[in-house]
Amino acid sequence: MTLETYLLYLGVLAAFFATPPDTSQLLIMSNAMRHGLKRSLATVAGDLSANTLQMSAAAFGLTAIIAASADALWIVKWLGVAYLVWIGLTLMLSKPETGPANAAPAARLGILYRQGFLTSSANPYAVVFFGALFPQFIDPTLAVLPQLVILGLTYLVVDGAMLVLWGWLAQRTLGRIRLLQDVWLNRLSGALMIAAAALLGSRDLAAEAGK
C-alpha cells in the first residue's frame with residue numbers, strides 16, 4: 001500500500017466520522033455522563049470488539065451472505081432498536097439513588113462492555129460497509145492480508161479516538177451542569193438511548209421505503 005493510498009483512506013474516514021453522533025457515540029456519551037469516561041472505556045472496548053468481528057466477517061466473504069439475507073438483516077436490526085429502547089426506558093424510569101449528591105450508581109465493567117458490543121453488533125450494515133470500503137484501497141498485486149490488517153487497525157484507532165472524544169465532551173458538559181438532580185440525569189441519558197434507537201429505526205424504514 002502506497003502512502004498516497006493510505007492518506008486517501010484517512011481522508012475517507014475523516015469524511016465518514018465528520019457526522020452527527022451515531023448510535024455507538026450516543027451510547028458512550030450517555031455512559032460517560034452517568035459513570036465517568038474512565039469506566040466508559042469498557043463501552044468503547046465492546047464497540048471496537050464488535051467492529052473487529054464485523055471486519056473479520058467482511059474479510060472472509062460474509063458480506064454477500066448478509067446482504068442477500070433480508071430476513072436476518074431485518075431481525076438483527078430491530079433487535080438492536082428494541083435493546084436501545086429498553087436501555088433508554090430503564091434509565092428514564094429509574095428512581096434517584098440515595099447517597100452522595102449527583103453520584104450515579106457504578107455499573108459493572110462487564111455490563112458497560114456488553115452494551116457497547118451489542119449496540120455495535122446490532123448494525124449488520126457495518127459488515128456490508130467494511131466489505132465495500134476495504135477493496136477500494138487494496139492493491140491486488142501485493143499481499144492482501146497485511147493490507148486488510150492495516151486498514152482494519154487504522155479504522156479501530158480512528159473509531160476509538162472518536163468515541164473517547166464524544167465521551168469526554170459529554171463528561172465536560174456534565175461537569176458544567178452538576179446541579180442537575182439524578183432523576184434528570186437519568187432522563188437525559190435515557191433520551192440519548194431512545195434517540196439512538198430512533199436513528200437505527202429511521203435508517204431501516206428509509207431502506208425499506210427505497211426498495
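Along each chain, residues carry numbers from 1 onward, in the same order as the chain's sequence is written. Totals for whole chains, interfaces and linings use every residue, but because this is a predicted model, local features are given only for residues with pLDDT of at least 70 and side-chain atom pairs only at 80 or more, for both listing and counting. Based on all heavy atoms of the structure, the side-chain values leave hydrogens and waters out of the count.

**Points about the nonpolar core**
Formally: Working definition of a nonpolar core: buried Ala, Val, Leu, Ile, Met, Phe, Trp, Tyr and Cys residues. They are joined through side-chain atoms within 4.5 Å. Remark: exposure states derive from per-residue accessible area (1.4 Å probe, protein chains only) relative to the maximum for the residue type, with buried under 20%, exposed over 50%, and partly exposed in between. Only DSSP runs of H or I with at least four residues qualify as helices, and only runs of E with at least two residues qualify as strands; both kinds are numbered from the N terminus onward. Contact between two residues is taken to exist if any of their heavy atoms lie within 4.5 Å; hydrogens are not considered.
Counting residues in hydrophobic clusters, the biggest one holds 26 residues, and the most contacted among them are Tyr-9, Met-55, Phe-130, Leu-133, Phe-134, Leu-151 and Tyr-155. Contributions of two or more residues to this core are made by α1 (3-17), α2 (23-35), α3 (37-59), α7 (125-133) and α8 (144-175). Other than its neighbours up to four places away in sequence, Tyr-155 contacts Tyr-9, Leu-13, Phe-16, Phe-17, Asn-51, Met-55, Phe-129 and Phe-130.

**Brief notes about the packing of α2 against α3**
Heads up, the rule is: Axis definition: a line fitted to C-alpha atoms, limited for helices to the stretch in contact. Angles are taken between N-to-C directions and run from 0 to 180 degrees. For this classification, under 35 degrees means roughly parallel, over 145 means roughly antiparallel, 65 to 115 means roughly perpendicular, and everything else is oblique. For a crossing to be left-handed, the near helix must be turned anticlockwise from the far one by less than a right angle; the clockwise case is right-handed. Only Asp, Glu, Lys and Arg are considered charged in this grouping, and only Ala, Val, Leu, Ile, Met, Phe, Trp, Tyr, Cys and Pro are considered nonpolar; every other residue, Gly among them, is considered polar.
Here α2 crosses α3 at 155 degrees, and the two axes come no closer than 8 Å. With respect to each other, α2 and α3 are oriented roughly antiparallel. Both α2 and α3 take part in a crossing whose hand is right-handed. The residues of α3 that touch α2, namely those facing Ser-24, Leu-27, Ile-28, Asn-31, Ala-32 and His-35, are Leu-37, Arg-39, Ser-40, Thr-43, Val-44 and Asp-47. Classifying every residue of the contact of α2 with α3 by side-chain character gives five nonpolar, five polar and two charged.

**A short note on the environment of Leu-165**
Within the secondary structure layout, Leu-165 lies in helix α8. Distance from Leu-165 to Leu-37, taken between C-alpha atoms, is 9.7 Å for residues 128 residues apart in sequence.

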